[in-house]
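Listed below, chain by chain, are the residues.
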Amino acid sequence: MFIKDTKDTSKLIDTVFKIASLAKQAKKELGNDAVIDASLGSLYDEDEKFVALNSVFDTYRSLNNEEYAKYAESFSGNKEYKELIKEFVLENKLINLKTNVVATPGGTGAIALTFSNILKADETIIVPNIGWTSYAIMSKENNLNVDYYEMFNDEGNFNLMDLKNKILNSLNTQNKALVIINSPLHNPTGYSLKNEEWEELVRFINEDCNNKEVIILNDIAYIDYSFDLENSKNYLKILDNLNSNALLVIAYSCSKAFTSYGLRLGAAIICHKDEDIIEKVSNAYDKSCRTYWSNANNGAMINFTKVLKENKENFLKEKEIYINQLNKRAEILTKEAKENNLEFYTFNEGFFITLKVDNSLRDIYHEELLKHNIYTVKVNDGIRIAICSLPINKCYGLAKKLKSILNTIKG
C-alpha cells in the first residue's frame, strides 16, 4: 500500500477540535447564551472572544517585512531569543546545571525532538495515564511503546510510588527511562506537583536508580498562567540537584504564554551537569530541527525578544488580568462541585478541571452532556472542562447541571 508497515494509516480524529466545531455550530443555531463551550484549551475572555494579547500583537505588527520573511540565524534559533528564553523561563533558579536552548515550533516541537532522539524504536516512554493524548500519537510516530503511570493515588496526591516503579521497570528492561511530567498546571487536571514531591523524585533518581540514565521531560506549556507566579518556578531549584545520571529537558511554549498558538514557537531547554553532554544532546536536536522543520519562525522569535525587552511590563500586566479570571472561574466551579458532590481530580491551578468519571460511564455521560449543549472533552477516566474558554457567568450553576446529568445516566 506504499506506506511503510510501521505506520498507522487510520484517520486521525482530533476530538478537541471536533467538539469545538460542534459547539460553534450550536451557537449559530441556538445563540451563544444557550451553549456551554468548555472544549478548547485556548484562552477566551469574558465575552467569549479569543484572547490575543495587545502587548504581544501590537509589537508583532511593528516588525518589518524582512523580519517576518527571513530565515532564523540558525537551525537552533536566534541567539538573542535563546538567551532571553533561558532568562525568562529559568529566572536564574537553576544554579549549577549547564543549559542550552533549541528553538522549536511550539512546546510540541520540544517534545518531538526528545521523542525522536532519546529512545530507540520499540523502547518505552513513561507517560501519565491522564494526560495530553498527543503524547501517545507522537510515541507511535517514533515507533515507541507507552507505559502509563497512575497520575494520582487514592488520597488524590501525585502517585510517586507508581511513577518510581515504572521508572525502575524501564531501567531494568532498557537501561534508560524517559518520563514525561506535565507540571506545573497539568493538562487536563490542573495539578501542580508539591515541592516535597519533586524532592522525593530527585532523591529517588539520584540514589535508587543505580546510576542509570533517567530523562525527565518537563512539559511546562501553561506555566505562565500559574495562580502563584512568584513561586511557580521554585521547583527548578530542586531539579538543580539532579546527579549526572539525569538529563532534564524543559518543553516550553511561547504559543500558550503569548496567546500566539498559530505562530508556533517554543523551546527545548536542555539541562545537565556536564557541558559535554549538553553539547551532544544539542547537536542531535539541531540535526533533527534541520530534518523536520529547518528552523523556527523568525518573526515570532524577534517578536518574543521585542516584547520582553521593550514591552514586558505591559505584557505581564495584561496577562495578569486573565490569570485572575482563570482563578475566579476555577474558584466558582470547584466550590460548587464540592457543594454538589461532583468529583474532580485534584486541582491547583490552570486552564482545565477534570471530572472523575469511570471509563464505563464516560462516553454515555459525554453524549448526554452534548444533548444538553454542554461541550467538553473526553480524557481517560474523566471529562475535561476547559475553564480557559468558559466565562465566569457560565461557571455559576454548571456543577449542579453536571451532577444532575450524571445522576440521570446512573439511574
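So, how was this worked out
Residues numbered from 1 in each chain as written. Predicted model: local features only at pLDDT ≥ 70, side-chain atom pairs only at ≥ 80, totals over all residues. Heavy atoms only, no water. Helix = DSSP H or I, 4+ residues; strand = E, 2+ residues; numbered from the N terminus. Rg over C-alpha atoms; globule rule 2.2 N^0.38 Å. Buried < 20%, exposed > 50% of the residue type's maximum accessible area, 1.4 Å probe, protein only. Contact = heavy atoms within 4.5 Å. Areas by Shrake-Rupley, 256 points an atom, 1.4 Å probe, with all protein chains shown as cover. Lys, Arg positive; Asp, Glu negative; His and termini not counted. Charge placed at Lys NZ, Arg CZ, Asp CG, Glu CD. Axes fitted to C-alpha atoms, helices over the stretch in contact; angles between N-to-C directions. Parallel < 35°, antiparallel > 145°, perpendicular 65-115°, else oblique. Nonpolar A, V, L, I, M, F, W, Y, C, P; charged D, E, K, R; others polar. Pairing = 2+ DSSP bridges. Expected span 1.5 Å × (residues − 1). Salt bridge = Lys/Arg side-chain N within 4 Å of Asp/Glu carboxyl O. Phe/Tyr/Trp six-rings, centres within 6.5 Å; stacked < 30°, edge-to-face > 60°. Lys NZ or Arg CZ within 6 Å of the ring centre and 35° of its normal. Right-handed = clockwise from strand over helix to strand, strands pointing away.

1. Here we look at the overall build of the protein
For the protein, the helix and strand inventory stands at 16 helices and 12 strands. Relative to its length of 411 residues, the protein is compact, with a C-alpha radius of gyration of 21 Å against a globular reference of 22 Å. In terms of overall dimensions, the protein has C-alpha extents of about 60 × 55 × 55 Å along its principal axes. Looking at the protein as a whole, 56% of its 411 residues qualify as buried. Long-range contacts, defined as pairs at least 24 residues apart, comprise 74% of the intrachain contacts of the protein with a sequence gap of at least 6. With the model as given, the accessible surface of the protein reaches about 18700 Å², and the carbon-plus-sulfur share is 46%. Averaging the coordinates of the 50 positive side-chain charges in the protein and doing the same for the 57 negative ones gives two points 3 Å apart.

2. Considering the packing of helix α2 (residues 54-61) against helix α13 (residues 312-339)
Interhelical geometry of α2 versus α13 gives an angle of 140° and a closest axis separation of 8 Å. Taken together, α2 and α13 sit at an angle that is classed as oblique. Between α2 and α13, the residues in contact are Asn54, Ser55 and Val56 and Asn314, Phe315 and Glu318, respectively. Here the contact of α2 with α13 is composed, by residue class, of two nonpolar, three polar and one charged.

3. Considering the sheet that holds strand β12 (residues 382-386)
Think of a sheet as strands paired side by side through backbone hydrogen bonds, with each pair either parallel or antiparallel. The strand order across the open sheet built from three strands is β9-β12-β11, with neighbouring strands paired in antiparallel fashion. In the strand order of this sheet, the two ends are held by β9 (352-356) and β11 (377-379), each with one partner. For this sheet, the mean angle separating the axes of adjacent strands, direction not counted, is 35°. By the bridge criterion, five bridges tie β9 to β12 in an arrangement that is antiparallel. Following the sheet pairing, Phe352 is matched in β12 by Ala386.

4. Some thoughts on the sheet that holds strand β2 (residues 98-104)
Taken in spatial order, the seven strands make up an open sheet running β2-β8-β7-β6-β5-β3-β4, and their pairing is mixed. Taken across any chain shown, the strands that pair with only one partner, and hence form the sheet edges, are β2 and β4 (145-149). Neighbour-to-neighbour, the strand axes of the sheet open up by a mean angle of 20°, direction not taken into account. Seen against the sheet, helix α5 (residues 106-118) touches β2, β3 (124-128), β5 (176-181), β6 (213-219), β7 (246-253) and β8 (266-272) and runs at an angle of roughly 150° to β7. Helix α8 (residues 195-207) rests against β5, β6 and β7 of the sheet, and its axis sits at about 155° to β6.

5. Section: helix α4 (residues 79-90)
A rise of 1.5 Å per residue sets the reference length of α4, with its 12 residues, at 16 Å; its end C-alpha atoms lie 17 Å apart and thus fit the reference within 8%. Those residues of α4 lying buried are Tyr81, Lys82, Leu84, Ile85, Phe88, Val89 and Leu90. Residue Glu91 follows α4 closely and has a positive phi angle near 50°.

6. Considering the pattern of salt bridges
Going through the model one piece at a time under the given rule, you end up with 23 salt bridges. Shared partners join several salt bridges into a network, and the residues in it are Lys164, Glu200, Arg203, Glu207 and Asp208.

7. So, α2
Within α2, the full set of buried residues consists of Ser55, Val56, Phe57, Thr59 and Tyr60. Considering only its buried residues, α2 is in contact with α3 (65-69), α12 (298-310) and α13.

8. Thoughts on the packing of aromatic side chains
Under the defined criterion, the tally for this structure stands at 21 aromatic pairs. When the centroid spacing of 6.3 Å and the interplanar angle of 85° are considered together, the rings of Phe57 and Tyr60 count as edge-to-face. Here Phe57 and its partner Tyr60 are both found in helix α2, three residues apart, which amounts to about one turn of the helix. Judged on exposure class, the residue Phe57 and its partner Tyr60 are both buried. Ring pairing ties together the aromatic residues Tyr81, Phe88, Phe258, Phe304 and Phe315, which thus form one cluster. Directly above the aromatic system of Phe88 lies the positively charged group of Lys233, at a separation of 5.1 Å from the ring centroid. Lying across the ring of Tyr225, Lys319 places its NZ or CZ 5.4 Å from the centre.

9. Comments concerning the pairing of β6
Side-chain positions along a regular strand alternate between the two faces of the sheet. The buried fraction of β6 is high, at six of seven residues. For β5 and β6, the ladder comprises six bridges, and the chain directions are parallel. The partner of Lys176 across the bridge, within β6, is Glu213. Since β5 and β6 lie parallel, the crossover through α8 that links them has a hand, and here it is right-handed. When β6 meets β7, the two strands line up parallel, connected through six bridges. Note that in β7 the partner of Ile215 across the bridge is Leu247.

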